[in-house]
Structures are given as C-alpha cells and as structure tokens.
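Each chain is listed here by its residues.
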Amino acid sequence: MYQPGNQSLGGKFNHHNTYEGNHPMATIHFHQNTTATPEQFVAGLTDFGPERSKVFAFSSDAYLQVHASGPHAADVTEGSGGSWERLTYDWSDPNRVVLTTTDSNLYGGASGYVYTLTRRPDATTDIDAVIVREGKNLKGKLRSGLLATFGRPVLKSAFVKSVKAIEARSAAGAMPRA
C-alpha cells in the first residue's frame, strides 16, 4: 500500500499498515461510510476556499495559503493552533487522494494522509483514511506519540464531522467542483 512521504527510512509498512522501523511515528486509520459520492468527497477535500475551516477543524483560515492549484493537484499550507504543514495534494486517481507533507513546523519524513474511496452498490461511499505523523523535532515527536495513544478519538471526531459537513454541502449543492 502506498504511503505518503519518504519511504527510505530504514523501515517498512507491514500488512497491518503499521510502520516497522527506526523512526517512531503515529499511523492512524479511520473508516467512514458516507452518502457523498467519491466525486463530492474529493471536491470537498480539495475546496481551498475561505470557508474551509467550517469543514476541517484543523485548517484555520489564518494559516491557509494556496501556493499552486491545478485540475488534479495542489500545493497548500494549512494548520491551526500553532501547528502548520505544507501539503502536496494529488487527486489524479478519482478514488484516492494522497496528501504528502513537504514542510511543517512539527512533521516530516513519511508524514501525510491517504484517502481511499470505494463506491458501494447502495449509492454510498466507503472512505478509508490513513494519517501518518512522523515528528521531525522534539515537539513533533511528542505530538506524534500523543496522537498515537490519546489523540485518536479527537482526530476521529474531527474526521467524522468533516465527512458530515461534506455530505451536507453536497446535498445542498454547495460543492464548487466535481
């Protein structure tokens, strides 16, 4: 399975999608079913407009900066609460969106996100999200450790709220692109 970021860390991802190597990191997996189509979810995930913070709790408008954007990729800095990262978004595969951390005040290496979207026969979509956090400094390593142990419920809650917000915007016809 493809993982975001640098793979030359002297380790590998095992069949449980957990990193086995010399560099400690948090790998968190979430699954959610949604009434949004894959196209609607991708449109919501890649909408970098001024109301992004209403959909994504950890993306404050104050941090949001779109460096470049194209039909299937974007280079974006976002964050909140003193934590920021620059991400390369790649949605060239309509069923998979890969966010690779290219710079951050806390994370580096293999850090990023992968969203895998599976259209279901009942007109819903399964979303599998994998978040990888590799701290690049003491604060980042501490935060990665906390995320792996105590932060999962917070991240899960934010993920579910984001999916619900995308569903609501999609139902209202507010998604600007498919």
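Here, the structure is the one placed above.
These remarks concern the structure in this document. (Residues numbered from 1 in each chain as written. Predicted model: local features only at pLDDT ≥ 70, side-chain atom pairs only at ≥ 80, totals over all residues. Heavy atoms only, no water.)

**A look at the environment of L99**
In this fold, L99 is placed in strand β7 (residues 96-104). Using a relative accessible area of 3% as the deciding quantity, one classes L99 as buried. As for L99 and D75, which are separated by 24 residues in sequence, their C-alpha atoms are 9.4 Å apart. (Helix = DSSP H or I, 4+ residues; strand = E, 2+ residues; numbered from the N terminus. Buried < 20%, exposed > 50% of the residue type's maximum accessible area, 1.4 Å probe, protein only.)

**Some details on helix α1 (residues 38-45)**
Extensive coverage of α1 is indicated by the burial of six of its eight residues. Regarding α1, the residues found buried are P38, F41, V42, A43, G44 and L45. If you follow the buried residues of α1, they end up packed against α2 (52-55), β6 (83-93), β7, β8 (112-119), β9 (125-133) and α3 (138-171). (Contact = heavy atoms within 4.5 Å.)

**Considerations on the side chain of T125**
Mapped onto the secondary structure, T125 falls in strand β9. Within the structure, T125 has its side chain in polar contact with the backbone oxygen of A36 (distance 2.7 Å). Aside from chain neighbours lying at most four places away, what touches T125 is Q32, N33, T34, A36, T37, P38, L117 and T118. (Polar contact = N/O pair within 3.5 Å; in protein donor to acceptor, adjacent residues only side chain to side chain.)

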